[in-house]
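Residues per chain are reported as follows:
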Amino acid sequence: MRYLDPKNDLVFKKIFGQFPNITMSFLNSLLPLEVGQEIRELEYLPIELVPELPGIIKNSIVDVRCRDNRGRQFIVEMQMLWTNSFKNRVLFNASKAYVRQLEKNEEYTMLQPVFALSIVNQKFEPNTDQWYHHYKMVHIQDIEKCIDGLQLVFIELPKFEPKSFSEKKLILLWLRFLQELENDKDMYDDALLEQLMSVPEIAQALELSKESAYSKEELEAYDKYWDMIRVEKALLAGAMHEGREKGIEEGRAMGIEMGIQRGIEKGIEK
């Protein structure tokens with residue numbers, strides 16, 4: 001039985017965009033929710049059209065939006081490619097969702113927190129081994145004080161190593177689910193499969209990842225998505241190389257100009 005990669009646009013939206021019970025389990029395991037603050041009910045919200053990132057990245061972001069019975073909103077994104085603009089985009093998205101909660105003449109006390117969870121399929125923090133990055137508004141001198149409103153979580157999926165992981169089992173299994181299917185596997189390690197199947201929501205997500213769950217047209221769209229990602233990755237790499245070359249050339253020209261200027265000043269001084 002062939003499994004499809006759940007990071008693909010088609011599969012991700014089918015699993016997390018249509019089954020609230022699966023999305024609830026996923027969010028409760030990965031978000032920094034305090035005991036007693038777990039999500040109990042979910043309803044899906046329409047996907048908003050947001051400004052695309054400048055440049056060539058168009059197809060590498062998949063998102064799902066939902067709201068729980070307390071009114072808290074959750075934005076879940078699967079990001080295949082990373083640029084430095086992503087954090088600003090996620091903050092923009094979450095801020096807009098936060099502001100749009102209020103209708104005219106409603107009190108600010110009606111506002112509920114917005115959580116943005118971004119699973120990133122690339123390493124973007126090279127100077128640390130940490131793969132879980134949690135941002136929120138805290139008092140600089142007293143970090144116990146914070147302003148509830150926006151919380152952003154970024155997960156660097158390639159950094160996650162199950163062997164060195166000792167946190168909650170549910171996080172471990174959900175992240176392994178996202179990692180292990182990467183190459184459209186025909187089979188799982190039996191021990192891992194048994195662990196994944198022990199969680200009803202992950203077992204359901206596995207069923208939804210099977211190739212047999214998709215039509216011929218859907219499988220063509222699945223392959224087309226990977227083609228678009230490969231093209232964007234190549235274009236992004238080309239743009240970065242061109243930028244580096246331009247920076248080197250400009251730096252060289254600036255160095256020559258500064259050298260000439262310094263030589264003139266030395267000559268005048270003598």
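Residues numbered from 1 in each chain as written. Predicted model: local features only at pLDDT ≥ 70, side-chain atom pairs only at ≥ 80, totals over all residues. Heavy atoms only, no water.

1. Things to note about the confidence of the model for the protein
Segments scoring low in pLDDT should not have their predicted coordinates read at a detailed level. Per-chain confidence: the protein averages 83 in pLDDT, with 77% of residues scoring 70 or above. A low-confidence stretch, residues 49-59 stays under pLDDT 50, and its non-local contacts, those more than four residues away or across chains, total 26 contacts. (pLDDT = per-residue confidence, 0-100. Contact = heavy atoms within 4.5 Å.)

2. Some thoughts on the pattern of salt bridges
Side-chain pairs of opposite charge can arise where the charged atoms are in close proximity. Per the counting criterion, the structure on display carries 13 salt bridges. A salt bridge links Asp-5 to Lys-7; the nearest nitrogen and oxygen atoms lie 3.1 Å apart. For the pair shown, Asp-5 and Lys-7 are each scored as buried. (Salt bridge = Lys/Arg side-chain N within 4 Å of Asp/Glu carboxyl O. Buried < 20%, exposed > 50% of the residue type's maximum accessible area, 1.4 Å probe, protein only.)

3. What to know about the packing of aromatic side chains
Applying the stated criterion across every chain yields a total of 15 aromatic pairs. For the pair Phe-124 and Phe-154, a centre-to-centre distance of 6.2 Å together with 75° between the ring planes defines the contact as edge-to-face. In this pair, Phe-124 sits in the loop between strand S4 (114-120) and strand S5 (132-138) while Phe-154 sits in strand S6 (residues 146-156), placing the two residues 30 residues apart along the sequence. In this structure, Phe-124 and Phe-154 share a single accessibility class: buried. Between the aromatic rings of Trp-131 and Tyr-132, the centroid separation amounts to 5.9 Å while the plane-to-plane angle is 85°, which identifies the pairing as edge-to-face. Residue Trp-131 is classed as buried on the basis of its relative accessible area, which comes to 16%. Under the relative-accessibility criterion, Tyr-132 is labelled partly exposed at 28%. Every member of this aromatic cluster is reached through a ring pair, and the members are Phe-12, Phe-16, Phe-26, Trp-174 and Phe-177. The ring of Tyr-214 carries Lys-14 above its face, with NZ or CZ at 4.2 Å from the centroid. (Phe/Tyr/Trp six-rings, centres within 6.5 Å; stacked < 30°, edge-to-face > 60°. Helix = DSSP H or I, 4+ residues; strand = E, 2+ residues; numbered from the N terminus. Lys NZ or Arg CZ within 6 Å of the ring centre and 35° of its normal.)

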